[in-house]
Amino acid sequence: MTLANADLLPVAEDRRTWNWWHIASLWIGMAICIPTYTLASGLIAQGWTWQAAVGAVILGNVVVLVPIALNSHAGTRYGIPFPVLARSSFGVLGANIPALLRGLVACGWFGIQTWIGGWAIYKLIEVMWPGIATLPHILPAFIGLNTGEFLCFLLFWAMNVWIVLRGMDSIKFLETWGSPFLLAVGVALFAWALVRAGGLGPMLENPGGQAVGRSGGLTKVFGAGLTSAVAFWGTMALSIPDFSRYARSQRDQVIGQAVGLPATMALFAFIGAAVTNATTVIFGTRIADPVALLARIGGPLMIMLSMAGLIVATLTTNIAANIVAPANGFSNLAPDKITFKQGAMITAVIGILMMPWRLYNDAAAYIFTWLIGYGALLGPVAGIMIADYFVVRRGQLNVNDLYTRDGAYEYARGFNPVAIAALALGVAPSLPGFVAALRGVPLTSVFGTIYNWAWFVGFLVAGLLYCAGMRVTGVPMREPTDVRVTARD
């Protein structure tokens, strides 16, 4: 069986050109998006204070930066993508399990971001041509969209696909030059709200005398809120080697991510929280959706400029965070048959079929079911991969054997039973809470508390069990032999 194609092989030396600013721009472009805005504003809509909501986002992103930087190390050192790195811990065939889990979550995110971008296009066209809202209905009622909304969704979908099919260099260009513009849009929105609300005082006043956070106090604030903030980028904590493999050095990837991620998330989450608070003063009602807000703040020219900014913001995030990883993951299933571009098309099609607008339009389901739910699934994968690379193997990989059968990572017919068992046991404690969240019945027992900390519980349980299992089974390790690329420290 072929385990390699041009998209999965280590990146050659002459293609490792991303410096710290390219990496930082990648994160700035991904972080400045509507889901970042609504991560804090959605928590406020659930009854949290802006201090608790923004605090959870900031702390969550400082925490998730650690596994992101750790998993980036192997990508930069050996030039390998996430699905290939996962072969070290899960086996050359078992790596398809985490790759598919990450890929399916990314398909959901791709759908959500595509819906947001399409919705912004719809509101932009509606300003110039109100008739788009009254086009004849051609879709079945269960779809839940009118004709204009669906056409704009497909238009933004096509924009994403067109850029991705042009390759990684197009993504690098978009992230590098789009980021400064996106920051300006966010700051302008904050300035507008500051003036209209009459200053920072009214803008940052918590309605109803809230002082701590959502009902349930600090446990809720630093449980569900922190977990949702970590899980927000828990996907990239796995697939970051897909990008760090292009970095010039470890210094570039570490500095770029430290500069680009926490500060940007903090800024835009604060903007989302503060502006959402200000809408109560300005309009008499809380508006957490920035697309709905921007449709009300000015004349046609202002709306056109702001919607254009939202479209660019969503495009940069969607392509980098939600297409590259699943495209590589699907390619990993059958490298000799599925290329990166074909994997991207599979992702794009699944993103439509998931009908993402139904999930995103419910803030409670978005945060407490979607974010925490997939965090319970991906946290254990991150724990296993980091434990394998840094604890079990001490950063030493046999790159050639990552692409061959009967090598160091063959385990049991291509699957590592220890990793699979650790993954299952890492997910198990959060299952009762997830089922309850799906039913809309929050648990007050110990399982509810575990679910609020799902990513952390899964990460620690799976990582510890993996280390213990590898030590007990005594899986033989081979010293690194000849590799295809120069390892970078």
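Remember, predicted model here, so these are calculated numbers, not experimental data.

Thresholds, definitions, all that
- Per chain, residue numbering runs from 1 following the sequence as it is written.
- It should be noted that, the model being predicted, local features are given only for residues of pLDDT at least 70 and side-chain atom pairs only at 80 or more, the latter also being counted only at that level, while totals for whole chains, interfaces and linings use all residues.
- The side-chain values count all of the structure's non-hydrogen atoms but skip hydrogen atoms and water molecules.
- Every helix listed is a DSSP run of H or I at least four residues long, and every strand listed is a run of E at least two residues long, numbered separately from the N terminus.
- Summary of the burial criterion: residues with accessible area below 20% of their type's maximum are buried, those above 50% are exposed, and those between are partly exposed, where the area comes from a 1.4 Å probe applied to protein chains only.
- Residue contacts are defined here by distance: any two heavy atoms, one from each residue, within 4.5 Å place the two residues in contact.
- Using a 1.4 Å probe, accessible areas were evaluated by the Shrake-Rupley method; residue-level cover was limited to the displayed protein chains.
- Aromatic pairing here means that ring centres of Phe, Tyr or Trp (its six-membered ring) are within 6.5 Å. Orientation follows from the plane angle: under 30 degrees is stacked, over 60 is edge-to-face, and everything else is tilted.
- Put simply, a charge is over a ring when the Lys NZ or the Arg CZ is close to the ring centre, within 6 Å, and near the line of the ring normal, within 35 degrees.
- On a scale of 0 to 100, pLDDT captures the predictor's confidence in every residue.
- Put simply, buried Ala, Val, Leu, Ile, Met, Phe, Trp, Tyr and Cys residues joined by side-chain atoms within 4.5 Å make one nonpolar core.
- Expected helix span is computed as 1.5 Å times (number of residues minus one).
- For this analysis, a salt bridge means a side-chain nitrogen from Lys or Arg found within 4 Å of a carboxyl oxygen belonging to Asp or Glu.

(A) Examining the overall build of the protein chain more closely. Broken down by element type, the protein chain carries 23 helices and zero strands. Expressed as a percentage of its 489 residues, the buried residues of the protein chain come to 58%. Counting only contacts in the protein chain whose residues sit at least 6 apart along the sequence, the fraction spanning at least 24 positions is 85%. Taken as a whole, the protein chain presents about 18,100 Å² of accessible surface, with 69% of it coming from carbon and sulfur.

(B) Looking closely at the packing of aromatic side chains. Counted by the stated rule, this structure contains 20 aromatic pairs. What links up through ring pairs into an aromatic cluster is the set W115, W119, Y122, F150, F153 and W357. Over the aromatic face of F283 sits the side chain of R296, whose NZ or CZ is 4.4 Å from the ring centroid.

(C) Here's a closer look at the confidence of the model for the protein chain. Looking at the protein chain as a whole, the pLDDT averages 84, with 87% of positions reaching at least 70. No element of the protein chain has a lower mean pLDDT than helix α9 (residues 217-232), at 69, and none a higher one than helix α20 (residues 417-427), at 97. Low pLDDT, under 50, characterises residues 209-218; the stretch is placed with 22 contacts to residues that sit more than four places away or in other chains. Low pLDDT (under 50) marks residues 477-485, which in the prediction has 21 contacts with non-local residues, meaning those over four places away or in another chain.

(D) Representation of the nonpolar core within the structure. With 138 residues, the main nonpolar core has W27 and W233 as its most contacted residues. Examining the composition of this core, we find that 13 residues originate from one element, helix α5 (residues 96-128), more than from any other. The residues contacting W27, other than those within four sequence positions of it, are I68, W233, M236, I240, Q257, G260 and L261. Counting residues in hydrophobic clusters, the runner-up holds five residues, among them A224, I372, A376 and Y451.

(E) Spotlight on helix α13 (residues 262-283). Over its 22 residues, α13 extends 31 Å from the first C-alpha to the last, a length consistent with the 32 Å expected when each residue adds 1.5 Å. Within α13, 16 of the 22 residues are buried, which leaves it mostly tucked inside the rest of the structure.

(F) A look at the pattern of salt bridges. One pass over the full model with this rule turns up five salt bridges. Salt-bridge contacts for E126 lead to K123; the nearest nitrogen and oxygen are separated by 3.0 Å. Here the residue E126 and the residue K123 both occupy positions in helix α5, the gap between them amounting to three residues, near one helical turn. With a relative accessible area of 23%, E126 lands in the partly exposed category. Two residues, R393 and D388, come together in a salt bridge whose shortest N-O distance is 2.9 Å. Looking at D388, the relative accessible area reads 1%, which means it is buried.

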